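Okay, here's what each chain looks like letter by letter:
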Amino acid sequence: MSLGFLHRLMTSASILQVLLLNHGDVSPKSRCINSYFSSRVPSASLGEMSLVNCYITPDLALEPPSAVCNVDTRMEYFGDQPLTLKTELCLQTFQVNLATKGLNSVHVPVVFGMTDVLMGKFSATTSTYCNIPWPDFMMSSQINETDLWPSSTGMKTLWNAKLFPVLTDSGEPTLDTLFWAFHPARQHRLRSGYPEVDKWRSSWRFSFDDIFKAIDVAAEFASRRALFNDVLGEILRQKLLHSEDFNFLPYFRSAAADGFAQQLLTVLDDVAPLSSHGVTARALALIADLLGSMAGGRGGLRSGPAANEAFAAAYRAFDNEDMAGGIALMAKERKKWVGRPDLLIRCARHYEGAAQICIRKAVASAKKV
């Protein structure tokens with residue numbers, strides 16, 4: 001069990017409050033874990049839905065109630081066209097090891113309805129897929145029973161229906177291969193010659209049963225760890241720009257333990273010169289905290305001298321109110337100080353010194369008002 005994982009366990013209550021800033025209200029019935037959500041409409045609200053391990057940009061619209069898990073719209077599997085997931089559907093991706101020469105794991109998207117029963121008999125009148133009876137789904141999608149159970153001799157169920165492409169003629173499947181989940185208004189106009197159906201039918205497809213037998217567990221955990229730090233970076237950016245309180249120290253320790261500290265340093269470098277002297281000062285102080293976390297409790301005391309000549313040029317830039325120049329010079333010099341815990345601590349002291357200069361400038365500006 002990694003140190004980073006332990007830190008995430010200790011801070012799980014905080015990370016449940018996922019980044020949803022400037023995107024309207026969040027319904028009390030929503031559940032968001034380790035996720036980032038951005039709407040096409042700035043004032044839109046996140047209604048009754050669940051987001052777990054997701055990074056949702058405006059390219060994917062969600063109609064509540066819905067549930068999305070392990071979906072990152074920045075990835076290639078999203079495709080190049082905006083999509084809208086219709087109401088009462090659950091969308092998820094799995095990283096599946098195909099055990100095929102020359103191929104690593106691929107992202108396989110799946111979709112199902114909130115009221116579907118995975119083990120329900122296909123022939124039962126109450127059996128559904130995407131919340132509609134199987135005969136209605138087959139009529140609207142032009143997918144037939146032979147497509148789904150080509151060699152089945154046992155009971156036919158949603159669990160063993162080969163619905164989900166794992167490889168297509170163009171490679172890894174994109175979300176829109178599940179065309180019925182995103183274009184319900186077109187379902188009744190689809191015919192077997194339409195490209196969506198042809199692409200789906202010509203693909204290599206898995207069932208839920210096949211997918212769960214081939215999940216690449218290591219790739220899944222690595223992806224979630226990376227996403228955790230991506231979400232943290234977005235939270236860090238927004239909390240700074242909106243001057244909101246947040247205790248970042250546990251997350252800095254987690255990022256340092258998991259090897260994502262440099263990613264957060266880049267975020268802080270980007271945000272530091274974008275706003276007021278106060279925001280710049282806070283960003284510099286946070287960089288000092290992150291450098292201290294990277295030292296892992298070694299390297300000496302954080303308090304101490306901060307007068308190394310190597311940082312003099314950056315300090316002069318801050319004194320002249322060239323915040324962007326000062327941040328750039330500090331970042332350039334910082335690269336030389338990350339090799340050992342003692343150097344990290346000494347570098348952190350100089351970042352605290354730079355923060356003090358910015359605080360002094362902020363106070364002086366306030367006195368002029």
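Report on the accompanying structure. Please read these numbers as outputs of a predicted model, since none were measured by experiment.

Attention now goes to the pairing of strand β3 (residues 49-52). In β3, alternate side chains face the same way, and those of Met49 and Leu51 are buried while those of Ser50 and Val52 on the opposite face are not. Relative to β3, strand β1 (residues 31-33) runs parallel, the two sharing three bridges. Following the sheet pairing, cysteine 32 is matched in β3 by leucine 51. Two elements, β3 and strand β6 (residues 66-69), share four bridges in a ladder whose sense is parallel. Residue valine 52 lies in a different strand from β6, and its bridge partner there is cysteine 69.

As a further point, take helix α10 (residues 261-271). Looking at α10, one finds that the buried residues are Ala261, Leu264, Leu265, Val267, Leu268, Asp269 and Val271. On its buried side, α10 packs onto α8 (217-241), α9 (249-258), α11 (277-295) and α13 (323-334).

With omega at -5°, the peptide bond leading from proline 64 into proline 65 counts as cis. With respect to the helices and strands, the residue proline 65 is situated in the loop between β5 (60-62) and β6. A positive phi angle, close to 60°, is found at asparagine 70, a residue other than glycine. With respect to the helices and strands, the residue asparagine 70 is situated in the loop between β6 and β7 (83-85).

This next bit is on the sheet that holds strand β8 (residues 89-96). Across the sheet, which stays open at both edges, the five strands sit in the order β1-β3-β6-β8-β9 with mixed pairing between neighbours. At either margin of the open sheet sits one strand with a lone partner, and together these are β1 and β9 (106-113). Looking at each pair of strands side by side, their axes are set apart by 10° on average, direction ignored. Note: β8 against β9, eight bridges, orientation antiparallel. Bridged to leucine 89 within β9 is glycine 113.

A word on the packing of α10 against α11. Relative to each other, α10 and α11 sit at 170°, their axes nearing to 10 Å. Taken together, the axis directions place α10 and α11 in an arrangement best described as roughly antiparallel. In this structure, α10 uses Ala261, Leu264, Leu265, Leu268 and Asp269 to contact α11, whose residues at the interface are Ala283, Leu286, Ile287, Leu290, Leu291 and Met294. Residues of the contact of α10 with α11, tallied by class, amount to ten nonpolar, no polar and one charged.

Let us look at the packing of aromatic side chains. Counted by the stated rule, this structure contains 22 aromatic pairs. Arranged with centres 4.9 Å apart and planes meeting at 90°, the rings of tyrosine 129 and phenylalanine 137 form a pair that is edge-to-face. The class of tyrosine 129 is buried, set by a relative accessible area of 0%. A centroid spacing of 6.2 Å and a plane angle of 10° characterise the contact between tryptophan 159 and phenylalanine 208, whose relative ring orientation is stacked.

With that settled, the discussion passes to the environment of arginine 334. Counting through the fold element by element, arginine 334 comes out in helix α13. Distance from arginine 334 to leucine 344, taken between C-alpha atoms, is 8.5 Å for residues ten residues apart in sequence. Once you skip the residues sitting within four places of it in the chain, arginine 334 turns out to touch Gln262, Leu265, Asp269, Ile287, Leu291, Cys347 and Tyr351. Looking at arginine 334, its side chain comes within polar contact range of the side chain of tyrosine 351, at 3.0 Å.

Let us look at the side chain of aspartate 72. Inspection of the secondary structure assignment puts aspartate 72 in the loop between β6 and β7. With relative accessibility at 12%, the residue aspartate 72 sits in the buried group. One polar contact links aspartate 72 to arginine 74, side chain to side chain, over a distance of 2.8 Å. Ignoring anything within four residues of it in the chain, the contact list for aspartate 72 reads Tyr55 and Tyr77.

With that out of the way, let us pick up the pattern of salt bridges. Inspection of the entire model under this criterion finds 17 salt bridges. We note a salt bridge from glutamate 63 to lysine 86, for which the minimum N-O separation is 3.0 Å. Here glutamate 63, found in the loop between β5 and β6, pairs with lysine 86, found in the loop between β7 and β8; they are 23 residues apart in sequence, far enough to count as distant. On the basis of relative accessibility, which here comes to 30%, the residue glutamate 63 falls in the partly exposed class. Across the salt bridge formed by aspartate 230 and arginine 74, the nearest N and O atoms sit 2.8 Å from each other. Taken together, the residues aspartate 230 in helix α8 and arginine 74 in the loop between β6 and β7 connect sequence positions 156 residues apart. Residues joined in a network through salt bridges with shared partners are Asp72, Arg74 and Asp230.

A separate point is the nonpolar core. Core analysis: the largest hydrophobic core is formed by 49 residues, its most contacted members being Val111, Tyr129, Trp134, Leu163 and Trp180. Setting aside its immediate chain neighbours within four residues, valine 111 contacts Leu85, Leu89, Cys90, Leu91, Tyr129, Cys130, Phe164, Leu178, Trp180 and Ala181. In this structure, Leu290, Ala314, Tyr315 and Cys347 belong to the second largest nonpolar core, which totals 48 residues.

Reading the values: the criteria
- Residues numbered from 1 in each chain as written.
- Predicted model: local features only at pLDDT ≥ 70, side-chain atom pairs only at ≥ 80, totals over all residues.
- Heavy atoms only, no water.
- Buried < 20%, exposed > 50% of the residue type's maximum accessible area, 1.4 Å probe, protein only.
- Helix = DSSP H or I, 4+ residues; strand = E, 2+ residues; numbered from the N terminus.
- Pairing = 2+ DSSP bridges.
- Contact = heavy atoms within 4.5 Å.
- Axes fitted to C-alpha atoms, helices over the stretch in contact; angles between N-to-C directions.
- Parallel < 35°, antiparallel > 145°, perpendicular 65-115°, else oblique.
- Nonpolar A, V, L, I, M, F, W, Y, C, P; charged D, E, K, R; others polar.
- Phe/Tyr/Trp six-rings, centres within 6.5 Å; stacked < 30°, edge-to-face > 60°.
- Polar contact = N/O pair within 3.5 Å; in protein donor to acceptor, adjacent residues only side chain to side chain.
- Salt bridge = Lys/Arg side-chain N within 4 Å of Asp/Glu carboxyl O.
- Core = buried A, V, L, I, M, F, W, Y, C linked by side-chain atoms within 4.5 Å.

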